[in-house]
Amino acid sequence: MFPTMFGVSVLIFFMIQLIPGDPALLILGERATESSLKAVRINMGLDKPLHVQYGKFMYKLVQGDLGDSFRSNEPVTKEIAIFFPATIELSLVAIIIASFVGMVAGVISATKQYSIFDYSSMVFSIMGISMPIFWLGLIFILIFSVHLGWLPISGRLSAHMEVELVTGFVLLDSLITKNWAAFRDAFWHILLPGFTLSTIPMALVARITRSSMLEVLRQDYIRTANAKGLSPLVVHYKHALRNALIPIVTVIGLSFGILMGGAVLTETVFAWPGMGLWILNGVYSRDYNVVQGGVLLIAFIFILVNTVVDILYVWINPRIRVN
Amino acid sequence: MSAEKKSDDKLITLKNITKHYPISSGSFGTRKGIVRAVDGVTLAINRGETLGLVGESGCGKSTLGRVMIRLEKPTEGEVRFNGKDLISLSRKEMSPLRNKIQIIFQDPYSSLNPRHTVGRIIGEGLQIHNKGSRAEQAQEVKRLMGLVGLRLDSVTSYPHEFSGGQRQRIGIARALALQPELIVCDEPVSALDVSIQAQVINLLLDLQKEFNLTYLFISHDLSVVRYISDRVAVMYLGRLVELASKDELYENPLHPYTTALLGAVPTADTKTRKKRTELSGDVPSPIAPPRGCHFHPRCSKAMPVCSDKTPEFKEHTKNHWIRCFLYDKKAKAA
Amino acid sequence: MNMSMTKEKPSDMLIDEKKPGKKTKSHSPLIEALWRMRKNRIAVVGLIIILVFTIMAVFAPLLAPYDPLDQSLYDKLKPPAWLEGGGWKNPLGTDDFGRDIFSRLIYGARISMMVGFISVGIAFFVGTFLGAVSGYYRGITDTIIMRFIDMLLSFPYFLLAMVLMTILGPSLNNAMIAIGIVTIPRFARVVRGSVLDEYSKDYVQGARALGAGDARLIFFHILPNCMAPLIVQCTLGFGEAILECAALSFIGLGAQPPEPEWGAMLAQARALILRAWWVITFPGIMILLAVLGFNMLGDGLRDALDPKLRD
Amino acid sequence: MPKTLLEVKGLTTHFFTDRGVARAVDDVNFELLEGETLSIVGESGCGKSVTALSIMGLIPHPPGKIISGSVHFNGTNLLNLSEREMRRIRGNKISMIFQEPMTSLNPVFKIGDQIAEVLKLHQNLNKKDARDRVIDLLNQVRIPSPEERVNDYPHQMSGGMRQRVMIAIALACDPKMIIADEPTTALDVTIQAQILSLMDHLSKSTGTSILLITHDLGVVAETAKNVVVMYAGRVVEKADVKSLFDDPLHPYTIGLMGSIPGIVAKDKKIRLDAIPGTVPNLFDLPDGCRFSRRCKDAFERCYKEEPELFDYKGGRKVRCWKYEEA
């Protein structure tokens, strides 16, 4: 995990260097004088060779310093603290919906292969993985917000609502502070983006659950379980599902990482004040430190999630436990 | 063609062949251990004979076969074919010798390229070594197909259209194409049904007679080995434990492992329903073989010396080689 | 050595289960698998969708009634033909510049198919090369290549494409390159896996025993047998590339207006969500259908080509 | 005279696939006596495993289906039982051992739990009693230090040990009958000998009947009392083991014996008497006798009419026109 993180940080640092344009010029604007530009460059250490700059970057990184945003002049870490919980909250809601619905649909499909349920769930899931979710989000807004008026069109909370921030997760914080009105408001706000974001992982989980279960149901030990006289319920849910879980967990972990990338689109559509939107604005305004810090954080989370998946693997699969 | 007659006409000699595989693990490729697949095997095969090589799974018999045709490079040791040292040859120098040693595999499904036609598979060797014109190669392929009993009109068929036995014939034809002197038969009939197995064994014997072929016949089936071989070598955990002429080995096995192995074979002969000498325990892992004689933890006749020192592979009586302290007077006395 | 036929031919050698005349021609297993796929309804539907989009892309100038960039300020935001105020002049209505949506969608197919082709092309050649080298030579080469691939895989796919677009600058051509680059790891992994698999099989070892060299082993034996997963990967990658490109264009990093790219059309149409649903709906349906077509075909191909799922 | 435990009559199982109907098992008859070891022998695709799965009611459906016949076990026709009733017999009155010990145990559960599962299911044992019984069973199948091994996962054991665990599962509820489908095929000879002698010992000490399915005539000769030879879905010969080996009747049986080195041909100077050709395709069986196309003795009638299972002296049966009058 740590070597990969190190490699990723090197990769990001040098990729950011490749972005054309002069940061000093961006900070000071078109009309800056050459001498003031130079002063800023020296001040930011841009006149030093790359490896020195990288050393400085890493030195600051391990201290939790990602530099300042050019636009707001605030430390990047401070901005992350604001935007990050929104993305995590949205991604968690999406992954929970996706895992639950996906696994149930997949297991039923596999145990009732070639049934009507199986066919329709497979059609839905192939549509799910083909879905342009930014479009789906717009269609949801069109139907549920514009036409039916049931759900709010965008944002995380209505303008008049306020939640005392404890963890940064609005749903959780409103619960902790027993602010029921805010909780309801936050809940209604997260529904559409949550479902939109869950589309692709839900389809992926349903598909992998089905194929993994079908694969497991062909195994010799399932025949053994049947020969023992166990009921189909025990055979499917005890003997088969436990073995089928291994690839399912991988897909859920991977999807969680992909969601963070996918959140950019959903956040754009629903004006959700999260990391994706923040990074995207950094990209628009060439705010290097924001892009660098944001991408680095998401990549680290992704690596972390993959490590957690590896640990779960071992828990599910005793064969690895011993080796 | 008895073994004794041409015992000094050695086609291939192996000297102290050792093949170790490192087991690496984790993302940094750290070494976890070494599999001692083959551990100091010395052996010679005479021209025109069939040497049977038996042993249980994981004993290193297949690895030995692959080293012999240089699909694997040994960690140590020397392979001499017709007097030439194969190991020191470069790939270019090896190329003409490739013709002379061929291999037939166990699995008739994975041993043929599924995307090539039968004609292409059999003719590939001719093509690689530029033997003759295209027309001559095609002619040769047909002749080989006839030789192994394949219908000539199946030359444009693909392997998946054949049964296991037929595929094995294709594999034999491929091996024969370059007119080899030595063929390593790596469990060639193990995957086949008995009736098909007999067809392939008959074919192998016919071909041997006709072209004076030399076989290394690797198998775990002791009855088949007894039938087809002139001499038999028994392998246990990477080492040879006994080597003798077939009749000598089956009638008068000396090594306790050989005795147990022969005793374990169920015989399809109801008159001699015998009491089995049952061997206890499993074959130990080749990663951590027991000290001393590899067989001592399962041996009913083990002595203190067996767990300490490794017995040497010695000629006990003429042409009967054995690796056991029971036949070493000095060790026994000590 | 005199190699003549055996005089007495053993009876057990004469029988061959292949009956003559029953089948006229033998086909390679790949062809047979593809032929079997015609029974797979989902794959056939996918193939038809792809064909329709291909025809649209190739014959766009003939099929589209208008130039996709032609503005007509008198015909702004006309609804589709079947709604009040719409007309068959613009069957799917017009956008806020009065451009014919139907024509723009057809030209959009051209862009999307090109995106798929070029992105998958880049990923296919680079990925296959890296994967084959990695799997065949193993050792240190493998370690270095795979470390790098793993690093690329440590980023969420779309995020990496975004960063690359920041470096390259927003444009359609750059989007194709960026998507191609982020798809390389998948091809490399698939190819490496299959090469490792095939290399260990006895037919490759048999060819080695005959004296075949590296080039022959790679190009004649191993790579042709890796075709099945590669074909599947290409098909699925094609759909994925169309989707990613539309997404990049949607957030303004891909195709730039006024190009009739579906994602870019959606980006422009967002502002009209309260006024003109059709401007939003149709481009999305086109993206969905195109991607769906490739995914359906890809699924069918996988089922037909994956021996594990056969029978 | 021991009682008949299992009587299979006219059992016919077909598989309905895209390629057509595979007649995997066709009108199979045999009976198994109490305490007896009966062997079904034949090459791959002869229908021996499908017969076993048909008895257990474990034919995958679709595509497989039992078309007709009856399987009387202790007087009840298993084919008439509901799935629920059948489940009470599986693993309890009839249990099964499979060919592949490496894959037949569930990799994610401890072996002790996998054995205890049947005890809890069929005998309602509580946790402690089940554990005691598991250790007792592991002792019976001669697994050393069973108290520790109960907590092992299958991958921690060798193939031979796993097959012992499978036997322990099969024995757990003191079944009347065990179906062993190629129980030693995947094992090395020395381990095969251990397992065979263990099974032999257990069947003698518990009086359990064994239906042994194998392709290995050596195993048959050493373990079975009576033998059923199958070919292409049909029973072609039935005999006690001694008569079968001393005097095989059906040309297929004779061919099988001639094919194996060591029975007839002991040295390569004597040519193996191989059966020409290959097993017929079950989707497209030949007219007449199914063996006729490979038979050395076949005559006109063999190609047109299929012989029935004729009686032969000594209570033997053989499906061949040569023995019509006998």
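**Digging into the packing of aromatic side chains**
Residue and element names in this part refer to chain D. Applying the stated criterion across every chain, the model contains 30 aromatic pairs over all chains. Between phenylalanine 310 and tryptophan 321, the aromatic rings sit 5.6 Å apart at their centres with planes inclined by 50°, giving tilted as the arrangement. Taken as a pair, phenylalanine 310 in strand 11 (residues 310-312) and tryptophan 321 in the segment after strand 12 (316-318) lie far apart in primary sequence, 11 residues in all. The exposure classification of phenylalanine 310 matches that of tryptophan 321, with both residues buried.

**Describing the sheet that holds strand 11 of chain D**
Residues and elements named next belong to chain D. Read across the open sheet, the eight strands follow the order 6-7-8-3-9-10-12-11; overall the sheet is mixed. Looking at strand neighbours, the two that pair on one side only are strand 6 (94-97) and strand 11, the edges of this open sheet. For this sheet the average axis-to-axis angle between neighbouring strands, irrespective of direction, equals 20°. Strand direction decides the pairing type here: strand 3 (residues 37-41) and strand 9 (residues 226-231), joined by four bridges, are parallel.

**Topic: the domain arrangement of chain A**
Residues and elements named next belong to chain A. Domain assignment breaks chain A into domain 1 (2-61) and domain 2 (83-316). Between domain 1 and domain 2, the C-alpha centre-to-centre distance is 36 Å. Across the boundary between the two partners, domain 1 contributes 15 residues, which contact 10 residues of domain 2. Counting the surface lost from both domain 1 and domain 2, the interface buries some 1200 Å², and carbon and sulfur atoms represent 81% of this. Per-residue buried area on domain 1 facing domain 2 is highest for Met5, Ile12 and Ile16; these three make up 42% of the total on that side. Taken together, domain 1 and domain 2 are joined by zero salt bridges. The interface formed by domain 1 and domain 2 holds zero residue pairs in polar contact (both at pLDDT 80 or more) in total. Only helix 1 (2-18), helix 2 (23-28) and helix 4 (50-62) provide two or more residues apiece to the side of domain 1 that touches domain 2. Counting residues per element, the side of domain 1 that touches domain 2 draws most heavily on helix 1, which supplies seven residues. When its residues are assigned to classes, the side of domain 1 that touches domain 2 shows 11 nonpolar, three polar and one charged.

**As for the interface of chain B and chain C**
On the side of chain C, 41 residues touch chain B, which itself brings 54 residues to the contact. Carbon and sulfur atoms make up 51% of the surface buried where chain B meets chain C, a total of about 4200 Å² over both sides. It is Leu71, Arg115 and Arg151 of chain B that lose the most area in chain B upon contact with chain C, and together they represent 15% of the buried surface on that side. Among the salt bridges present, the one from glutamate 124 of chain B reaches arginine 216 of chain C, with a minimum N-O distance of 2.8 Å. Here chain B is connected to chain C by 15 residue pairs in polar contact (both at pLDDT 80 or more).

**A few points about the sheet that holds strand 7 (residues 182-186) of chain B**
Residue and element names in this part refer to chain B. Taken in spatial order, the eight strands line up as 6-7-8-3-9-10-12-11 in an open sheet, and their pairing is mixed. Taken across any chain shown, the strands that pair with only one partner, and hence form the sheet edges, are strand 6 (101-104) and strand 11 (314-317). Each strand of the sheet is rotated relative to its neighbour by a mean of 20°, with strand direction disregarded. Relative to strand 12 (residues 320-322), strand 11 is paired through three bridges, and the arrangement is antiparallel. If you follow glutamate 315 over to strand 12, its bridge partner there is tryptophan 321.

**A look at the environment of leucine 217 of chain C**
All names here are of chain C. Its location among the elements puts leucine 217 in helix 9 (residues 214-225). Residues leucine 217 and threonine 141, 76 residues apart in the sequence, show an inter-C-alpha distance of 18 Å. What leucine 217 contacts, discounting residues up to four positions off in sequence, is Tyr136, Val204, Ala207, Arg208, Ala212 and Ile222.

**Observations concerning helix 6 (residues 116-129) of chain A**
Because an α-helix completes one turn every 3.6 residues, residues spaced three or four positions apart along the sequence face the same direction. Compared with an ideal rise of 1.5 Å per residue, which puts 14 residues at 20 Å, helix 6 of chain A spans 20 Å between its outermost C-alpha atoms and is within 8% of the ideal. Burial in helix 6 of chain A covers these residues: Asp118, Ser121, Met122, Ser125, Ile126, Gly128 and Ile129 of chain A. All buried residues of helix 6 of chain A fall inside an arc of 150° around its axis, so they share one side. Set apart from the buried face of helix 6 of chain A by more than 90 degrees, the exposed residues are Ile116, Tyr119 and Phe124 of chain A. Buried residues along helix 6 of chain A sit against helix 5 (76-111) and helix 9 (180-217) of chain A together with helix 10 (227-250) and helix 12 (277-305) of chain C.

Quick notes on the rules
- Residues numbered from 1 in each chain as written.
- Chains lettered and ligands numbered in written order.
- Predicted model: local features only at pLDDT ≥ 70, side-chain atom pairs only at ≥ 80, totals over all residues.
- Heavy atoms only, no water.
- Phe/Tyr/Trp six-rings, centres within 6.5 Å; stacked < 30°, edge-to-face > 60°.
- Helix = DSSP H or I, 4+ residues; strand = E, 2+ residues; numbered from the N terminus.
- Buried < 20%, exposed > 50% of the residue type's maximum accessible area, 1.4 Å probe, protein only.
- Pairing = 2+ DSSP bridges.
- Axes fitted to C-alpha atoms, helices over the stretch in contact; angles between N-to-C directions.
- Domains from an automatic or database assignment.
- Contact = heavy atoms within 4.5 Å.
- Buried area = accessible area lost by both parts, 1.4 Å probe.
- Salt bridge = Lys/Arg side-chain N within 4 Å of Asp/Glu carboxyl O.
- Polar contact = N/O pair within 3.5 Å; in protein donor to acceptor, adjacent residues only side chain to side chain.
- Nonpolar A, V, L, I, M, F, W, Y, C, P; charged D, E, K, R; others polar.
- Expected span 1.5 Å × (residues − 1).
- Arc of directions from axis to C-beta.

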